Amino acid sequence: MGVKLGILGLGTVGTGTVQLLQDRVGRHPLLQEIEIYRVGVRSLDKPRAVELSTEVLTTDLDSIVNDPAVDIVVEVMGGLEPARSLILKALSNGKHVVTANKAAIARFGAEIFTTANKAGVYVMLEAAVGGGIPVIQPLKQSLSVNRIHTVTGIVNGTTNYILTRMQTEGSNFSDVLADAQRLGYAEADPTADVEGLDAADKIAILASLGFGGRINLQDVYTEGIRQVSKTDIAYAEKLGFVIKLLAIAKRDTPSSPLSVRVHPTLVPKAHPLASINGVYNAILVEGEPIGQVMFFGPGAGAGATASAVTSDILNLVAVLKTNTAVANPLLACGHQEYCQIAPMAELITRFYARFLTNDQPGVIGKLGTCFGNYGVSLESIVQTGFQGELAEIVVVTHDVREGNFRQALAEIRDLSAIESIPSLLRVL
Ligand SMILES: NC(=O)C1=CN([C@@H]2O[C@H](COP(=O)(O)OP(=O)(O)OC[C@H]3O[C@@H](n4cnc5c(N)ncnc54)[C@H](OP(=O)(O)O)[C@@H]3O)[C@@H](O)[C@H]2O)C=CC1
Ligand SMILES: N[C@@H](CC=O)C(=O)O
Ligand code: NA
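All values derive from a computational prediction rather than experimental measurement.

Draft legend 1. Spatial organisation of the overall build of the chain. The secondary structure content of the chain amounts to 13 helices and 17 strands. Over its C-alpha trace the chain gives a radius of gyration of 24 Å, about what one expects of a compact globule, namely 22 Å for 428 residues. Counting only C-alpha atoms and orienting by the principal axes, one finds that the chain spans roughly 80 × 50 × 35 Å. Buried positions account for 55% of the 428 residues belonging to the chain. Taking as baseline every contact in the chain between residues at least 6 positions apart, the subset at least 24 positions apart corresponds to 73%. Here the chain has roughly 18,000 Å² of accessible surface; of this, 51% comes from carbon and sulfur atoms.

And the structure:
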């Protein structure tokens with residue numbers, strides 16, 4: 001007898017998944033065991049890119065998660081509610097769940113995994129981070145014996161696509177965002193992409209897997225890309241950097257608190273993440289004894305994400321076929337404790353800052369003195385251009401404690417020569 005799927009959602013990812021499941025030739029033979037039994041949508045009148053018989057489509061999503069015949073629920077509808085309640089009901093009803101919903105997992109992971117463990121079923125989420133890139137299962141399985149110390153990722157396809165086109169074509173932010181939406185990369189509300197919230201959800205999930213504890217999403221420091229200007233992209237280029245939205249989780253020693261953050265970052269051009277462009281994502285995992293390993297691939301889009309969703313489905317079909325009574329600890333979520341997160345003031349990082357100043361003699365000296373007062377040492381300081389009457393000074397620091405840098409900035413803001421500080425970015 002076939003394994004029956006109840007799919008919640010038939011948008012970009014749902015449609016890609018159904019297309020993949022309906023086109024089996026040359027793929028894994030276990031696909032033949034799968035039956036698309038029910039598909040839940042909001043509107044029955046919408047034209048669909050896939051053919052499904054009328055009794056398969058329904059707007060009653062509760063009836064799918066409560067149907068005893070459904071073995072696996074595939075949640076690709078997105079959003080927080082009703083996605084959360086439907087996932088919880090499916091699990092309580094003894095169904096395995098596959099989800100692409102990083103927003104729900106990052107917020108409700110604790111209750112979702114507790115419910116799954118109680119019911120003896122699995123929640124699979126490969127599509128939730130890095131789209132088609134296999135990164136969840138490698139962290140859970142292939143890398144699980146490593147002591148991870150850093151996970152650094154470009155994990156949002158939309159923002160990487162926007163930054164890449166701003167950099168290579170000098171394109172305008174809102175035009176490129178519209179393209180990313182048209183291509184199916186962006187979230188239903190693209191604010192989540194642009195403000196860094198989607199990347200924060202994803203790094204919370206990766207950190208949880210890499211560091212073996214739950215992450216409180218409120219502890220993840222998050223900045224988006226709205227403030228990244230063409231001017232900064234051009235300065236970064238001159239200084240030997242590209243600007244990327246990085247999601248970083250780092251722990252210096254196994255007993256120190258974790259730093260988890262998302263912000264636009266100047267990445268040295270020689271760094272492996274500097275060349276990840278367009279909708280591509282990459283996740284660089286560093287640990288002991290592995291050293292460095294980088295996962296790279298398409299981070300969003302129908303086909304890529306469907307590949308991840310369907311591989312999770314296949315894993316579950318294999319589980320159902322082998323009918324094990326004991327949960328596989330490499331597929332289940334085992335940790336219950338929350339990780340301790342370090343405050344941003346304690347972060348050690350380099351900074352890039354751009355100042356607009358009155359063109360007076362001695363301004364550079366005054367900046368240097370303020371930085372020196374707080375132990376901030378400068379790697380470079382350049383005055384390259386003018387914006388109208390105002391001189392533009394760009395500074396890159398050496399590694400500094402973020403708290404000290406902020407104190408120096410507060411003093412600099414009070415200098416009469418300083419008109420404004422339009423940009424402040426961290427440097428990898
Ligand atoms: N797009 C991408 O590249 C990626 C997306 N994801 C994640 O996958 C999930 C789905 O994304 P995507 O496919 O882009 O989203 P879409 O907006 O394209 O599709 C959402 C689908 O869910 C249905 N739906 C939404 N809310 C309801 C509801 N309340 N009741 C019934 N049906 C509902 C919609 O129905 P209808 O069609 O009738 O409107 C639609 O078919 C999200 O969690 C997203 O974060 C993850 C990786 C990549
Ligand atoms: N909106 C997301 C989709 C994949 O998770 C992105 O742009 O990365
Ligand atoms: Na993935």
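Draft legend 2. Geometry of the coordination of the sodium ion (ligand 3). Looking at the metal site, the sodium ion (ligand 3) is ligated by Glu-126 (O), Glu-126 (OE), Val-129 (O), Gly-131 (O) and Ile-133 (O), spaced 2.3 to 2.8 Å from it. Between consecutive donor residues of the sodium ion (ligand 3), the sequence gaps follow E-x2-V-x1-G-x1-I. Across the pair, exposure class does not vary: Val-129 and Gly-131 are buried alike.

Draft legend 3. Just unusual backbone geometry, in detail. Cis geometry is found at the peptide bond from Glu-81 to Pro-82, where omega equals 10 degrees. The omega torsion of the bond from Glu-288 to Pro-289 falls at 15 degrees, within 30 degrees of zero and hence cis. If you trace the backbone, Pro-289 turns up in the loop between strand E11 (280-288) and strand E12 (291-298).

Draft legend 4. Seen up close, the packing of helix H1 (residues 12-22) against helix H11 (residues 302-322). Running from amino to carboxyl end, H1 crosses H11 at an angle of 65 degrees, the nearest separation of the two axes being 8 Å. Viewed along their axes, H1 and H11 form a crossing whose handedness is right-handed. Where H1 approaches H11, its residues Thr-12, Val-13, Gly-16, Thr-17, Leu-20 and Leu-21 are matched on the opposing element by Ala-302, Thr-305, Ala-306, Ser-307, Val-309, Thr-310 and Ile-313. Taken together, the residues that form the contact of H1 with H11 break down as seven nonpolar, six polar and no charged.

Draft legend 5. Spotlight on the site of ligand 2. Surveying the vicinity of ligand 2 reveals 13 residues, the closest of which are Lys-102, Gly-157, Thr-158, Tyr-185 and Asp-193. Within the side chain of Asn-156, a nitrogen or oxygen atom sits 3.5 Å from an oxygen atom of ligand 2. Measuring from a nitrogen atom of ligand 2, one finds a side-chain N or O atom of Asp-193 at 2.7 Å. Contact with the protein chains hides 93% of the accessible area of ligand 2, taken as 250 Å² for the molecule alone. Those elements giving two or more residues to the shell around ligand 2 turn out to be helix H6 (157-169) and helix H9 (197-211). Each residue belonging to the shell around ligand 2 can be placed in one class, and the counts come to four nonpolar, four polar and five charged.

Draft legend 6. A look at the pairing of strand E14 (residues 378-387). Across eight bridges, E14 lies against strand E15 (residues 390-397) in antiparallel orientation. Paired with Leu-378 across the strands is Thr-397, a residue of E15. What sits between E14 and E15 in their antiparallel hairpin is a turn of two residues, with Gly-388 showing a positive phi close to 65 degrees.

Draft legend 7. Quick peek at the environment of Val-13. In this fold, Val-13 is placed in helix H1. A relative accessible area of 19% places Val-13 in the buried class. Taking C-alpha positions, Val-13 is 7.4 Å from Gly-301, a pair spaced 288 residues apart along the chain.

Draft legend 8. Up close: the site of ligand 1. Around ligand 1, a shell composed of 24 residues is seen, among which Leu-10, Lys-46, Arg-48, Glu-187 and Gly-301 lie nearest. Residue Val-13 places a main-chain N or O atom 2.8 Å away from an oxygen atom belonging to ligand 1. A distance of 2.9 Å is found between an oxygen atom of ligand 1 and a side-chain nitrogen or oxygen belonging to Lys-102. In isolation ligand 1 exposes 910 Å². Once the protein is present, 85% of that is buried. Taken together, the residues of the shell around ligand 1 break down into ten nonpolar, nine polar and five charged.

Draft legend 9. Up close: the pairing of strand E4 (residues 72-75). Residues of E4 alternate between two faces, with Ile-72 and Val-74 on one and Val-73 and Glu-75 on the opposite face, all of them buried. Both strand E1 (residues 3-8) and E4 contribute to a ladder of four bridges, which runs parallel. Directly across from Ile-7, in E4, lies its bridge partner Val-74. Note that E4 and strand E5 (residues 96-99) share four bridges and pair parallel. Among the inter-strand pairings, Val-74 is bridged to a residue of E5, identified as Val-98. The parallel pair E4 and E5 is bridged by helix H3 (residues 83-92), and the resulting crossover is right-handed.

Draft legend 10. Fine view of the packing of aromatic side chains. Under the counting rule described, the total for this entry stands at five aromatic pairs. A centroid spacing of 5.1 Å and a plane angle of 15 degrees characterise the contact between Tyr-280 and Phe-296, whose relative ring orientation is stacked. Remark: Phe-296 occurs in strand E12 and Tyr-280 occurs in strand E11; sequence separation between them is 16 residues. Take Tyr-280: its relative accessible area is 36%, and that puts it in the partly exposed class. Judged by relative accessible area, Phe-296 falls into the partly exposed class, the value being 48%. An aromatic cluster of at least three residues, connected via ring pairs, comprises Phe-351, Phe-355, Phe-371 and Phe-405. One Lys or Arg, Arg-38, reaches over the ring of Tyr-37 and ends 4.8 Å from the middle of that ring. The ring centre of Phe-108 lies 5.5 Å from the NZ or CZ of Arg-84, which sits over that ring.

Draft legend 11. Geometry of the UniProt feature "domain: ACT" (unreviewed entry) in the chain. Under the UniProt annotation, the feature "domain: ACT" (unreviewed entry) is placed at residues 352-426. Note that residues 352-426 is 31% helix and 47% strand, and that its end C-alpha atoms are spaced 6 Å apart.

About the thresholds
Residues numbered from 1 in each chain as written. Chains lettered and ligands numbered in written order. Predicted model: local features only at pLDDT ≥ 70, side-chain atom pairs only at ≥ 80, totals over all residues. Heavy atoms only, no water. Helix = DSSP H or I, 4+ residues; strand = E, 2+ residues; numbered from the N terminus. Rg over C-alpha atoms; globule rule 2.2 N^0.38 Å. Buried < 20%, exposed > 50% of the residue type's maximum accessible area, 1.4 Å probe, protein only. Contact = heavy atoms within 4.5 Å. Areas by Shrake-Rupley, 256 points an atom, 1.4 Å probe, with all protein chains shown as cover. Donors = N, O, S within 2.8 Å, 3.2 Å for Na, K, Ca; no water. Axes fitted to C-alpha atoms, helices over the stretch in contact; angles between N-to-C directions. Left-handed = near helix turned anticlockwise from the far one by under 90°. Nonpolar A, V, L, I, M, F, W, Y, C, P; charged D, E, K, R; others polar. Near = heavy atom within 4 Å. Polar contact = N/O pair within 3.5 Å; in protein donor to acceptor, adjacent residues only side chain to side chain. Pairing = 2+ DSSP bridges. Right-handed = clockwise from strand over helix to strand, strands pointing away. Phe/Tyr/Trp six-rings, centres within 6.5 Å; stacked < 30°, edge-to-face > 60°. Lys NZ or Arg CZ within 6 Å of the ring centre and 35° of its normal. UniProt positions renumbered as here; feature names shortened; annotations may be inferred.

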